Amino acid sequence: MGRLQNKVKQLKFALYCYKKGQDSRFVNTVKQFGEKNNLIYVESYGEKQTSDTIFLIDMEESHSGFFAEHNRLLALLYFADRYDMKPVVRYHAGYCYAEAHPVNGTDNPFEYYFEQPAGIGLENLASCKRVFRSRKENSYEVNRLCETPNGYTRSEEYLNEMARITAKYIRLNTIVGTKVEEEIHALLGGGKALAVHVRGTDFKQNFNGHPVAISADEYLKETVRVFEQGGYEKVFLATDDSTALKKYQERFGENVVFYQDVVRSDGEDTVMHSDRPRENHRYLLGYEVLRDMYTLAACDGLIAGLSQVSYAARIQKKSTGKEYGSLVILEKGINYHKKNNCPS
């Protein structure tokens, strides 16, 4: 039903544009919006003039996973930084990890986990006379850092720039930061740890525009090789796939560590859409993948595929001025077809 409604909206807009086709100013304006990534909206909330140029990063509803959304946020922070604006971030109720009530003292799902990048809260915007608001196209400007712009094929220059942006703007709030630090220490302790991120579940469906799926056995084979050659003492496994977890437990026994409270599946449905009878389930799904990412970044080596989580871990590692001793990215290219697109 939703797709049909969208098609109707598109047809109505196409008809409207057809009627305005002789209006050169209208045509040029529409073309400009479609072609230029640095255009922004200007809004007024009050009468207060500020010396800072405020950029409201108003994350549009996308139904994306936690780090697909987070990496899009980094692109918008890059835009704000490039034009010397102070970013303020707002996630909406349609965000996949939003609850219907406040979490950690806030209704803004971004602030469930993070501090505001510039120390300016949403409440500060209420009296501002001029606020610049983001468009999704602003995030495309970061594509100039990559030869083949695709969310799963990113250059070293991109990773380095996003690491700089992360170091400058991304900070866990006190509640989440303290908990993540304590849980990482309890899980890893001392010793040389090899991080492995196995992306399963819906990735196995080989969605259009997504990486060709890597099997759990292929990840395991490479893990054994690097573990034995690199002198590692333990493997930290981050995965949404319960079948992969079983394979690693069978091969590594007590030498594989993982978080016990993570929602996993042995099917092909994303855990992002799972439903569990636990308080703050949506928030916890976000917390669990966020904690996984920080734990991956805390390890000495990394084996992963092309995924938003593994990119986030590499960016986080670089943001601290460190690099992995072993880094193996398994990839077979990107799916380009129209048979199996991501569900909305």
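Residues numbered from 1 in each chain as written. Predicted model: local features only at pLDDT ≥ 70, side-chain atom pairs only at ≥ 80, totals over all residues. Heavy atoms only, no water.

(A) Broad picture of the overall build of the protein chain. Scanning the protein chain for helices and strands turns up 10 helices and nine strands. For the protein chain, buried positions account for 49% of its 344 residues. For the protein chain, restricting intrachain contacts to residue pairs at least 6 apart in sequence, the fraction spanning at least 24 positions comes to 74%. On the protein chain, roughly 17,800 Å² of surface is accessible, and the fraction owed to carbon and sulfur atoms is 48%. (Helix = DSSP H or I, 4+ residues; strand = E, 2+ residues; numbered from the N terminus. Buried < 20%, exposed > 50% of the residue type's maximum accessible area, 1.4 Å probe, protein only. Contact = heavy atoms within 4.5 Å. Areas by Shrake-Rupley, 256 points an atom, 1.4 Å probe, with all protein chains shown as cover.)

(B) Quick peek at the sheet that holds strand β8 (residues 301-305). Read from one edge to the other, the open sheet built from five strands follows the order β7-β6-β5-β8-β9, with strand pairing classed as parallel. Only two strands of the sheet have a single neighbouring strand rather than two, namely β7 (256-257) and β9 (326-330). In the sheet, strand β6 (residues 234-239) pairs with β7 via two bridges, with the strands oriented parallel. By the bridge assignment for β7, F236 is matched with V257. Relative to the sheet, helix α8 (residues 242-252) contacts β5 (193-198), β6 and β7, its axis offset from that of β6 by approximately 170°. On top of the sheet, helix α9 (residues 281-298) reaches β5, β6 and β8; it is set at about 150° to β6, its chief contact. (Pairing = 2+ DSSP bridges. Axes fitted to C-alpha atoms, helices over the stretch in contact; angles between N-to-C directions.)

(C) Just the packing of aromatic side chains, in detail. Scanning the entire structure with this criterion turns up 17 aromatic pairs. Taking 5.2 Å as the distance between ring centres and 20° as the angle between the ring planes, the aromatic pair formed by F110 and F114 counts as stacked. For F114, a relative accessible area of 4% gives the class buried. Between Y283 and Y287 the ring centres are 6.5 Å apart and the planes differ by 35°, which places this aromatic pair in the tilted class. Pair noted here: Y283 and Y287 are both in helix α9, with a separation of four residues, about one helical turn. (Phe/Tyr/Trp six-rings, centres within 6.5 Å; stacked < 30°, edge-to-face > 60°.)

(D) Expanded view of the packing of α9 against helix α10 (residues 308-319). Contact geometry for α9 and α10: axes closest at 8 Å, N-to-C directions at 50°. In terms of their interaxial angle, α9 and α10 are classed as oblique. In this structure, the crossing between α9 and α10 has a hand that is right-handed. Only V309, A312, A313, Q316 and K317 of α10 make contact with α9, whose side of the interface consists of V289, M293, Y294, L296, A297 and A298. (Parallel < 35°, antiparallel > 145°, perpendicular 65-115°, else oblique. Left-handed = near helix turned anticlockwise from the far one by under 90°.)

(E) Main features of helix α3 (residues 66-82). An ideal rise of 1.5 Å per residue puts 24 Å on 17 residues; α3 measures up with 24 Å between its terminal C-alpha atoms. The first or second residue beyond α3 is D84, which carries a positive phi of 55°. (Expected span 1.5 Å × (residues − 1).)

(F) Looking closely at the nonpolar core. By size, the foremost hydrophobic cluster in this structure holds 69 residues, and its most contacted members are L73, Y113, M162, F236 and L290. Counting residues per element, this core draws most heavily on α3, which supplies 10 residues. The residues touching M162, leaving out its near neighbours within four places in the chain, are L74, A75, Y78, V142, L145 and I315. Core analysis: the second largest hydrophobic core is formed by 22 residues, I214, Y219, V235 and L330 among them. (Core = buried A, V, L, I, M, F, W, Y, C linked by side-chain atoms within 4.5 Å.)

(G) Looking closely at the pairing of strand β2 (residues 54-58). Among the five residues in β2, five count as buried, and that is most of the element. Taking every second residue as pointing to the same face, both faces of β2 are buried, with I54, L56 and D58 on one and F55 and I57 on the other. As paired elements, β2 and strand β3 (residues 86-90) share five bridges and run parallel to each other. Pairing of I57 across the sheet is with V89, part of β3. In this region the chain leaves β2, passes through α3 and returns to the parallel neighbour β3; the handedness of that crossover is right-handed. Inspection of the sheet shows β2 paired to strand β4 (residues 131-133) by two bridges, in the parallel sense. Residue pairing across strands places F55 opposite F132, the latter belonging to β4. (Right-handed = clockwise from strand over helix to strand, strands pointing away.)

(H) Quick peek at the layout of surface pockets. Taken as a whole, the second largest pocket encloses approximately 260 Å³ of empty space. Forming the boundary of the second largest pocket are 13 residues, of which V180, I184, Y294, A298 and Q316 lie nearest the centre. Listing elements by their share of the lining of the second largest pocket, those giving two or more residues are α6 (174-188), α9 and α10. Broken down by element, the lining of the second largest pocket gets its largest block of residues, five residues, from α6. Residue composition of the lining of the second largest pocket, grouped by class: six nonpolar, four polar and three charged. (1 Å grid on protein atoms, 1.4 Å probe; cavity = no way out; pocket = protein on both sides within 12 Å on 5 of 7 lines; lining within 4 Å. Points joined across faces, edges and corners; volume = space filled by probe spheres on them. Nonpolar A, V, L, I, M, F, W, Y, C, P; charged D, E, K, R; others polar.)

(I) Spotlight on the side chain of R291. Take R291: it is sitting in helix α9. On the basis of relative accessibility, which here comes to 1%, the residue R291 falls in the buried class. Sequence-distant contacts of R291, defined by excluding residues within four places in its chain, comprise V180, E183, Y259, D261 and V262.

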